[in-house]
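Structure assessment
Listed here are the chains, written in short residue letters.
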4 protein chains.
Amino acid sequence: MVGAKLKVAVAGLGRMGARHAAHFYGLTPRAELVAASSPEQKELDLTQTNLPGVRTYLSYDEMLQEEIKHGLQAVVVSSATAVHAEQAIKAIKLGLHVLCEKPLSTNVEISQSVVTAYRESQKTHPNQKVICGFSRRFDASYRDAFEKMQAGLIGRPAVFRSQTCDKLDPSGFFVEYAKFSGGIFVDCSIHDIDLALWFFGEDSKVKTVSAVGITAVEPDLRKYNDRDNAVAVIEFFDGKIAQLYCSRMMAAGQEDTSEIIGTKGKLSINMQPMTNLVNIFESSGVRREIPAHYYGRFRDAFITEANEFTACCLDNTEPPMKLEGAVNAVRIGQALQESLITGKRIDFAENGERIVSEPKARL
Amino acid sequence: MVGAKLKVAVAGLGRMGARHAAHFYGLTPRAELVAASSPEQKELDLTQTNLPGVRTYLSYDEMLQEEIKHGLQAVVVSSATAVHAEQAIKAIKLGLHVLCEKPLSTNVEISQSVVTAYRESQKTHPNQKVICGFSRRFDASYRDAFEKMQAGLIGRPAVFRSQTCDKLDPSGFFVEYAKFSGGIFVDCSIHDIDLALWFFGEDSKVKTVSAVGITAVEPDLRKYNDRDNAVAVIEFFDGKIAQLYCSRMMAAGQEDTSEIIGTKGKLSINMQPMTNLVNIFESSGVRREIPAHYYGRFRDAFITEANEFTACCLDNTEPPMKLEGAVNAVRIGQALQESLITGKRIDFAENGERIVSEPKARL
Amino acid sequence: MVGAKLKVAVAGLGRMGARHAAHFYGLTPRAELVAASSPEQKELDLTQTNLPGVRTYLSYDEMLQEEIKHGLQAVVVSSATAVHAEQAIKAIKLGLHVLCEKPLSTNVEISQSVVTAYRESQKTHPNQKVICGFSRRFDASYRDAFEKMQAGLIGRPAVFRSQTCDKLDPSGFFVEYAKFSGGIFVDCSIHDIDLALWFFGEDSKVKTVSAVGITAVEPDLRKYNDRDNAVAVIEFFDGKIAQLYCSRMMAAGQEDTSEIIGTKGKLSINMQPMTNLVNIFESSGVRREIPAHYYGRFRDAFITEANEFTACCLDNTEPPMKLEGAVNAVRIGQALQESLITGKRIDFAENGERIVSEPKARL
Amino acid sequence: MVGAKLKVAVAGLGRMGARHAAHFYGLTPRAELVAASSPEQKELDLTQTNLPGVRTYLSYDEMLQEEIKHGLQAVVVSSATAVHAEQAIKAIKLGLHVLCEKPLSTNVEISQSVVTAYRESQKTHPNQKVICGFSRRFDASYRDAFEKMQAGLIGRPAVFRSQTCDKLDPSGFFVEYAKFSGGIFVDCSIHDIDLALWFFGEDSKVKTVSAVGITAVEPDLRKYNDRDNAVAVIEFFDGKIAQLYCSRMMAAGQEDTSEIIGTKGKLSINMQPMTNLVNIFESSGVRREIPAHYYGRFRDAFITEANEFTACCLDNTEPPMKLEGAVNAVRIGQALQESLITGKRIDFAENGERIVSEPKARL
């Protein structure tokens, strides 16, 4: 039937979950948000107020059980990272389409289990779609840069430089957050890693990763093997390099910038961050504001993500990226995090296996 | 009932009409696009394909007649400018809410007749909303600038400089368009005039207007008393000035920029036009692209407009601007157009009446 | 002899005079600053300290008389505007090269008398050079824009938009200054007028000028028939327009910007003013500083001016601009100033003569 | 005596040597360029034409011998890098002031020998000045950033990110150049290393260095153990990090940018490279040009360098940086180059000694 809408449920109604719910509720014409779950009654109440008509559940399992009867087709997993994989797998096994927030898990093996479940399920549900929501893939500027690169504007890409840098939060939030975040490379740089794989090609093979970090403002991060500023290098086997920077210490706001440098040119994205097109001329000079958080920068990308995920489920088209890439990104992020803590470079063979050198083994 | 949606019809499915229809169809959660009309069957067909479920009509009158039976609540008038007023008034008389594309008319008296109809209708439909769609009022950057000004950031505003400049179109389109557009000041600068009234205050009283123009690329515009580049000055009685520039000759794309200069600071909007956050580094230097047309710059504003119009109809809240302002803007635009052609400054008394000097009368 | 240096004297050692002296003393390899005069002993003392070896005089006339004996070749007139013409003429009559600060005079007839003296003197001193120092003509960015325009990059130039805007000075300085400045159009916009004549061609003929102004921060300026913000339009006979803005009220610093718009493109100069290449990221956003005064923006241009003036005297080459243009600029500036005060547009015939309409004559 | 000028000779009249000569000849008021040497007669001829009055020599030694009789006080060494140290030491031993182009040598020990000679010579010439010309130390933007950092604007500096990136030169020049340049880290990044030491403090102690590079456009660079793109990390003992990028592959021109990130803010320098203040609006968008070479970016800094070197010699004031820093920069650059080739991180003890681990020794 023309115009049938995709019936979607959202799992998790925290900050980003509530946004996903709102996007699917009101800004995704081909989708219908039918249900939402959260272990927090307060979040359910808020959802009922803001998104009237959506059925709410304290239990994710109950939501799946009930809604499947009403024709539920897709689930957006935006709960706590710790349960991403488990919830995704449950939905996958029911044959539902899944949009899972990044990362699938902070653990590579668990991330891989989502892919395994998906590929298994596809045998009986060949049209099933499961993607991991790397929002920047849906951002108009990144896409424009990618297309320009594809069109040959910069020759052959060789160096990718990228950063994910959060606004300084003096409340200590980042320390608490570090308990579960998987560390700054798995939490922040995973976006840059995913971008590197996108721009360099999904089949790019990592040769070495190394990272160095400091705690400039939050020494307590060390308790959780984390840092507040870190830099990294990823070498690929085909002679390409990614250079990363991540930070929790930006005074002015979110600074997520990237450069892709090729043999004939360079494309930069967001090297001059800005909230909007206003400039303020005052006695101290000319000032512009920049987004405080990633959502201020990437809101439109998340809405595009919702619409494109919906379209690819309804129209059975290819998703913009493969789920396997999400595991690869976690693998690299986790390796960087390990390098950050051990101070050792980590080497990989062309087959993707880690090379463990004798001397390192002694540690 | 919680969540009842505003039933909306769109009149006119040309370039901008089709966009309005799409916005109300899929990007305005609290609205339901129920119908659309156009004298062009092709446009109706396209609408049925793109927006399944919307009822289409070749006749605006028939649409009103039929849809009112199904509970139509609001009409978006985005047909040819020549019928804006007529269509708006018909809807107004039926007690419907109306969002009318700018300008109400290129003629002041006709524009005024819309206001008169509205104010009359309100006597029996006190909650009726009628607004003229000046999209920049809904643009995030203009709003941010306005709020900063209101918050005192630049002291007392004194000088407003603004431009509406279209991309060069060598096809001769602008000549054809000039037959009906009302002229460059009524078509383009009306936005800047509206902005001046917004930033300086709706009750600002015009003292003098004067304009000068040329035909640098389209001499044929003179047949229709129009120009392709023009500059203007509007003096207000409280010692404020607006300086305008409009053009049909921008090589790089749409350049709509504004500055509001106060006694303690300045706010600029879009002085560095850009399509997105990408910069291209190539052998000729660093380049960024800029939107080719106003929709590339103001798409988000139009969507906000749809959503806010819907909200103010449903919630019976005050619209963001008064309909009278739209007449005022046309009055000023038309006076500028006259000055452009006659080469004479036009003076107004504080009561808004035009001062006709003896010597000028002799010409 | 190879390497003989041009013997230069500077008249006037105020703010700009002292800078000229320093430029010719230490930053103009082919010149030798031999003498300087000022009616202020303090300024002479300062010069002797800062520029050892330079002979100083309280009397301009005495300086000329003495220095001519020692081979003086050129004079830089940077004294008070009121004596520019008189001092320039005295030097001209002695056959000396002259670089005179702008304006020659705030009065057209007096300005013209300098040209007359020069053309008379040239009969006996055919290699004599006299130029009026419009610094922007020597600015690298303006020159680059001019060359790009000359090379056809923007097609045929049609609209010139330019502003000279001073930093707000709450001390009341600008009121005092208005007594002698000739008014904001003669003092500030004269640069933009000169640029318009440069970009549009020296032989461009003015058709109309009109101006409007306000006193937003300095009502006392009205005592001297001046304003603190003003806008103007200059129409040329060949269908070109210049639109100007001048102000004494910029919060952030000097904002001198220009745009030259042609049938195929646009060149902008300094639309994003900046002091240097530093950006400051802090909690309120991203900030850059801008020059507080014109010298911060144009220092390099003044040094280039000194060097090129020197070269054209020594090598007997053509100066970069004709002296007649300086009179033309004052004529236009003065007309704008009159229009600003009378509220009347001023029309010119193609032969340059002013058209006095009957009605206007009656006022 | 008031106004006595510093008598300066320049050794080496290649591209940069000729510029130094011109700066000291005509743009350094307190200096007098008395002599210049070059093994190339053509360069001497050119110098005699361009800088009349300067005595020229084919032999550096002869120049020293002769000019010392005429009161030579200072030597600028801007010959081939291979003879920097030798020429500098000869001048030092004569008690002359020396401004030596960077690097002192591509070899640490040879670099150190210059310092040793200087400190020895100072025993008998306590006022002797010897500096290594790191031009960015004299750049207005870097200085402004440094002062703002010193003033506390960004809190405690923690991360320094910097790049020296040359314009792509398809002629193969960089391959030839690599024979003598010391490698990309010693040739390019040495500036960034010097800046890191400046911003973090001259006594910052390096803990580890590591580098990775590729040959994206010039595989022949590998013959000389060099790369055309490389990234590096320098860890300091006090918990600070420098992240570097260097390249010979920039399409648009020289891109030398830096960021200093502190606990309370960030300062960026030249993140939007530009030649001047002109923007070009054309059908492909908005474009600005950027300097093709470092001299386009740093010309003013070199002139300031000439003037400040002269002043510190004449006035016996402290030079802006210590000569020891130049050795330190080479040491770090050379270590990075080694890491780039071996693929091994290099560790240092707090006393500056290199830590050679057993496993690495086996390689």
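Bear in mind the structure is a predicted one, so any value in this text is a computation, not a measurement. (Residues numbered from 1 in each chain as written. Chains lettered and ligands numbered in written order. Predicted model: local features only at pLDDT ≥ 70, side-chain atom pairs only at ≥ 80, totals over all residues. Heavy atoms only, no water.)

1. Some thoughts on the packing of helix 6 (residues 140-150) of chain B against helix 9 (residues 294-315) of chain B
All names here are of chain B. Closest axis-to-axis distance for the helix 6/helix 9 pair is 9 Å, and the angle between their directions is 75 degrees. The pairing of helix 6 with helix 9 is recorded here as roughly perpendicular in orientation. Contacts between helix 6 and helix 9 involve Ser141, Tyr142 and Arg143 from the first element and Arg297, Phe298, Thr304 and Glu308 from the second. When its residues are assigned to classes, the contact of helix 6 with helix 9 shows 2 nonpolar, 2 polar and 3 charged. (Axes fitted to C-alpha atoms, helices over the stretch in contact; angles between N-to-C directions. Helix = DSSP H or I, 4+ residues; strand = E, 2+ residues; numbered from the N terminus. Parallel < 35°, antiparallel > 145°, perpendicular 65-115°, else oblique. Contact = heavy atoms within 4.5 Å. Nonpolar A, V, L, I, M, F, W, Y, C, P; charged D, E, K, R; others polar.)

2. Points about the interface of chain A and chain B
Contacts between chain A and chain B engage 30 residues on the former and 31 residues on the latter. Across the chain A to chain B interface the summed buried area is about 2600 Å²; carbon plus sulfur atoms make up 58%. Where chain A touches chain B, the interface holds 2 salt bridges. Linking Lys148 of chain A and Glu289 of chain B is a salt bridge whose minimum nitrogen-to-oxygen distance equals 2.8 Å. Here chain A is connected to chain B by 12 residue pairs in polar contact (both at pLDDT 80 or more). Per element, the largest residue contribution to the side of chain A that touches chain B is 5 residues, and it comes from helix 6 (residues 140-150) of chain A. When the residues that make up the side of chain A that touches chain B are grouped by side-chain class, the tally is 14 nonpolar, 9 polar and 7 charged. One ladder, built from 4 bridges, connects strand 12 (residues 266-269) of chain A with strand 13 (residues 278-282) of chain B; its direction is antiparallel. Pairing of Lys266 of chain A across the sheet is with Phe281 of chain B, part of strand 13 of chain B. (Buried area = accessible area lost by both parts, 1.4 Å probe. Salt bridge = Lys/Arg side-chain N within 4 Å of Asp/Glu carboxyl O. Polar contact = N/O pair within 3.5 Å; in protein donor to acceptor, adjacent residues only side chain to side chain. Pairing = 2+ DSSP bridges.)

3. Things to note about the pattern of salt bridges
Pairing of side chains with opposite charge becomes possible as their charged atoms draw close. Residue and element names in this part refer to chain C. Applying the stated rule across the entire model yields 116 salt bridges over all chains. One salt bridge in this structure joins Glu259 and Lys266, with 2.6 Å as the shortest N-O distance. Both residues of the pair, Glu259 and Lys266, belong to the buried class. (Buried < 20%, exposed > 50% of the residue type's maximum accessible area, 1.4 Å probe, protein only.)

4. Details of the UniProt feature "domain: Gfo/Idh/MocA-like oxidoreductase N-terminal" (unreviewed entry) in chain A
Here the UniProt-annotated "domain: Gfo/Idh/MocA-like oxidoreductase N-terminal" (unreviewed entry) positions come out as residues 6-124 of chain A. What you have in residues 6-124 of chain A is 49% helix and 21% strand, and the ends, taken at the C-alpha atoms, are 20 Å apart. (UniProt positions renumbered as here; feature names shortened; annotations may be inferred.)

5. Some thoughts on the sheet that holds strand 1 (residues 6-11) of chain A
All names here are of chain A. What the 6 strands build is an open sheet, ordered 3-2-1-4-5-6; its pairing is parallel. Looking at the sheet topology across the chains shown, the edges are occupied by strand 3 (55-57) and strand 6 (130-133). Going across the sheet, the axis of each strand differs from the next one's by a mean of 20 degrees, ignoring polarity. Sheet analysis places strand 2 (residues 31-37) next to strand 3, joined by 3 bridges and oriented parallel. Looking at the pairing, Ala35 lines up with Arg55 of strand 3.

6. Details of the packing of aromatic side chains
Tallied over the full model, the rule gives 44 aromatic pairs over all chains. Seen from their ring centres, Tyr294 of chain C and Phe302 of chain C are 6.0 Å apart, and the 65 degrees between their planes marks the pair as edge-to-face. A residue is classified by how much of its surface remains accessible, and Tyr294 of chain C, at 25% relative accessible area, is partly exposed. Clustering of aromatic rings is evident, with ring pairs tying together Phe146, Phe160, Trp198, Phe199, Phe200 and Phe236 of chain A. The cationic tip of Arg19 of chain C hangs over the ring face of Tyr295 of chain C; the distance from NZ or CZ to the ring centre is 4.0 Å. Over the aromatic face of Phe281 of chain C sits the side chain of Lys266 of chain D, whose NZ or CZ is 4.1 Å from the ring centroid. (Phe/Tyr/Trp six-rings, centres within 6.5 Å; stacked < 30°, edge-to-face > 60°. Lys NZ or Arg CZ within 6 Å of the ring centre and 35° of its normal.)

7. Here's the deal with the relation of the copies chain A and chain B
In screw terms, the move from chain A to chain B is a rotation of 180 degrees and a rise of 0.0 Å along the axis, fitting with an RMSD of 0.0 Å. Taken together, the rotation and translation describe the operation of a two-fold axis. No C-alpha of chain A approaches the rotation axis more nearly than that of Leu27 of chain A, which lies at 2.6 Å. Of the interface residues in chain A, 100% have counterparts in chain B that sit at the interface too, so the contact is made through matching surfaces. (Least-squares fit on C-alpha atoms with pLDDT ≥ 70 in both.)

8. Describing the sheet that holds strand 3 (residues 55-57) of chain D
All names here are of chain D. What the 6 strands build is an open sheet, ordered 3-2-1-4-5-6; its pairing is parallel. Two strands in the sheet have a free side with no partner beyond their single neighbour: strand 3 and strand 6 (130-133). Pairs of neighbouring strands in the sheet enclose a mean axial angle of 20 degrees, with direction left out of account. Strand contacts of helix 4 (residues 81-93): strand 1 (6-11), strand 4 (74-77), strand 5 (97-101) and strand 6, with the helix running at about 175 degrees to strand 5, the strand carrying the most contacts.

9. Some remarks on the interface of chain D and chain A
Across the contact, 39 residues belong to chain D and 39 residues belong to chain A. Across the chain D/chain A interface, buried area totals approximately 3000 Å², and carbon plus sulfur atoms make up 63% of it. Linking chain D with chain A are 2 salt bridges. Note that Lys266 of chain D and Glu255 of chain A form a salt bridge whose closest N and O atoms lie 2.6 Å from each other. Of all elements in the fold, only strand 7 (157-167), strand 8 (206-214), strand 9 (229-236), strand 10 (241-250), strand 11 (255-262) and helix 11 (358-362) of chain D reach the threshold of two or more residues within the side of chain D that touches chain A. With 6 residues, the single largest contributor to the side of chain D that touches chain A is strand 10 of chain D. Of the residues assigned to the side of chain D that touches chain A, the class counts are 19 nonpolar, 10 polar and 10 charged.

10. Section: empty space enclosed by the protein
A water-sized probe, rolled over the atoms, reveals where empty space remains. Within this structure, the stated rule accounts for 13 cavities of 30 Å³ or more. By volume, the largest cavity is sized at about 420 Å³. Met271 of chain A together with Ser268, Asn270, Met271 and Gln272 of chain D are, among the 35 residues lining the largest cavity, the residues nearest its centre. Those elements that place two or more of their residues in the lining of the largest cavity are strand 7 (157-167) and strand 11 (255-262) of chain A, strand 13 (278-282) and strand 14 (285-288) of chain C together with strand 7, strand 11 and strand 12 (266-269) of chain D. When the residues that make up the lining of the largest cavity are grouped by side-chain class, the tally is 10 nonpolar, 15 polar and 10 charged. Each pocket or cavity is described by its volume, and for the second largest cavity that value is around 260 Å³. (1 Å grid on protein atoms, 1.4 Å probe; cavity = no way out; pocket = protein on both sides within 12 Å on 5 of 7 lines; lining within 4 Å. Points joined across faces, edges and corners; volume = space filled by probe spheres on them.)

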